[in-house]
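Geometric and topological summary
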Amino acid sequence: MVRFVVMAAGLATRMGKDKLVLPWKDTTVLGYVLQTVLEAITLQEQRFGESSHSGATEVYVVARHPMEVYLTTDCIRRFHACGGVWIQVASPKPLAETIRYGLQDLNSKVHWIGFLPGDQVGITAPRLADCLQQILLVSPDFLVPFSGDKAGSPVFFHKRYVPELLALQGEKGGREVLYRYPELWEKYPVEESLFLDVDTPEQYNALRGQISKESV
């Protein structure tokens, strides 16, 4: 089983406010990312039909507000239907603490954990489904999306690295663990656009403008 951890409890220092509640397409930034994750899970299950891989994914979200702030009614319904877990935190959390929240209650069926930033709006359901398929077929220590020589998210870790992830402190994230073992990476080629995220007001406004032009 694979657990997605959608990380949505950060400080957002460059944006100056909770960027994940900002409008994006027909929902919010976080709502769009979570919708994409749920679509990817559905797509992966459809590919395998009723095989042993069906239902092999769970979703945890670590966020600063209730799900109703970010998600449409339909997305909430789908999130509950897949057994999703929403962890609300009282205040912004550093990266390492968000990771610890996302790793709680791991059971013996979870063998990989994939960490996805809540603002990675470039993510697509087909590519996420491809990553899931690669994990289930290859069983790597780490699955790392690559575009050229650039590594991005989501990165998937085998559960044997959970103790090292839990030991992280402050703003040190999963890459601190990942880069200890570059020889064990399973590199998965993707388009660089997959790594698009929202960090600053200027970037957000530019991306929103681009989407508006594409929809005309």
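These figures come from a predicted structure and were not determined experimentally.

**What to know about the confidence of the model for the protein chain**
- Per-residue confidence for the protein chain averages 90 on the pLDDT scale, and 92% of its residues sit at or above 70.
- Predicted confidence for residues 50-54 stays below pLDDT 50, and this span has four contacts to residues more than four positions away or in other chains.

**Here we look at the side chain of Thr28**
- Relative to the assigned elements, Thr28 resides in strand E3 (residues 27-28).
- Owing to a relative accessible area of 9%, Thr28 belongs among the buried residues under this scheme.
- From its side chain, Thr28 meets the backbone oxygen of Tyr70 in a polar contact 2.7 Å long.
- In this structure Thr28 touches Leu20, Val21, Leu22, Pro23, Val69 and Tyr70, once residues within four positions along its chain are discounted.

**Considering the nonpolar core**
- Grouped together as the largest cluster of nonpolar side chains are 47 residues, with contacts concentrated most on Leu34, Val59 and Trp86.
- Counting residues per element, this core draws most heavily on helix H1 (residues 29-48), at nine residues.
- Excluding residues within four positions of it along the chain, Val59 makes contact with Phe4, Val6, Leu34, Val37, Leu38, Ile41, Phe79, Cys82, Gly84 and Val85.

**Let's talk about the layout of surface pockets**
- Space inside the second largest pocket adds up to approximately 220 Å³.
- In terms of lining, the second largest pocket is formed by twelve residues, of which the most central are Trp24, Lys25, Val121, Leu196 and Ile211.
- Per-element tally for the lining of the second largest pocket: the top contributor is helix H8 (residues 201-215), with four residues.
- Taken together, the residues that form the lining of the second largest pocket break down as six nonpolar, four polar and two charged.

**A closer look at the environment of Met1**
- With respect to the helices and strands, the residue Met1 is situated in the segment before strand E1 (2-8).
- As a C-alpha pair, Met1 and Val37 span 36 residues in sequence and 15 Å in three-dimensional space.

**With respect to the pattern of salt bridges**
- Within this structure, the stated rule accounts for eleven salt bridges.
- A salt bridge links Arg160 to Asp141; its shortest N-O distance comes to 3.1 Å. One end of the pair, Arg160, is in the loop between strand E9 (155-158) and helix H6 (162-166); the other, Asp141, is in the loop between helix H5 (125-138) and strand E7 (142-147), and 19 residues separate them in sequence.
- For Arg160, a relative accessible area of 47% puts it in the partly exposed group.
- Judged by its relative accessible area of 19%, Asp141 falls in the buried class.
- Ionic contacts of the salt-bridge type, sharing partners, join the residues Lys19, Asp119 and Asp199 into one network.

**Concerning the packing of aromatic side chains**
- Summed over all chains, the structure comprises eleven aromatic pairs.
- Measuring from centroid to centroid gives 5.6 Å for Phe4 and Phe156, while their planes differ by 65°, and the two rings are edge-to-face. With Phe4 in strand E1 and Phe156 in strand E9, the pair connects residues that are 152 residues apart, well separated along the chain.
- Looking at Phe4, the relative accessible area reads 0%, which means it is buried.
- Since its relative accessible area comes to 0%, Phe156 is described here as buried.
- Between Tyr161 and Tyr181, the ring centres sit 5.0 Å apart and the planes meet at 55°, which makes this aromatic pair tilted.

Parameters and conventions
Sequence order as written defines the numbering, with residues in each chain counted from 1. Local features in this predicted model are restricted to residues whose pLDDT is 70 or higher, and side-chain atom pairs enter the listing and the counts only when it is 80 or higher, whereas totals over whole chains, interfaces and linings include all residues. Calculation of side-chain values draws on the structure's entire complement of heavy atoms; hydrogens and water are dropped beforehand. Each residue carries a pLDDT score, the predictor's own confidence in it, on a scale running from 0 to 100. Here, residues are in contact when the closest pair of their heavy atoms is within 4.5 Å. A run of H or I in DSSP becomes a helix once it reaches four residues, and a run of E becomes a strand once it reaches two; helices and strands are each numbered from the N terminus. A simple rule labels every residue: compare its accessible area, found with a 1.4 Å probe on the protein chains alone, to the largest value its type can have, and call it buried under 20%, exposed over 50%, or partly exposed in between. Under the rule applied, a polar contact is a pair of N or O atoms within 3.5 Å (in protein, one hydrogen donor and one hydrogen acceptor; residues adjacent in sequence only if both atoms are side-chain atoms). For this analysis, a nonpolar core means a set of buried residues of the types Ala, Val, Leu, Ile, Met, Phe, Trp, Tyr and Cys, connected via side-chain atoms within 4.5 Å. Space inside and on the surface of the protein is sampled on a 1 Å grid over the protein atoms alone, with a cavity defined as a set of points where a 1.4 Å probe fits but cannot get out and a pocket as an open set with protein on both sides within 12 Å along at least 5 of 7 lines; lining residues have an atom within 4 Å of a point. Grid points are joined across faces, edges and corners, and a volume is the space filled by probe spheres set on the points. Residues are sorted three ways: Asp, Glu, Lys and Arg are charged, Ala, Val, Leu, Ile, Met, Phe, Trp, Tyr, Cys and Pro are nonpolar, and all the rest, Gly among them, are polar. We define a salt bridge as a side-chain nitrogen of Lys or Arg found within 4 Å of a carboxyl oxygen belonging to Asp or Glu. Only Phe, Tyr and Trp rings take part, Trp by its six-membered ring, and two of them pair if their centres are within 6.5 Å. Stacked means planes under 30 degrees apart, edge-to-face means over 60, and tilted covers everything else.

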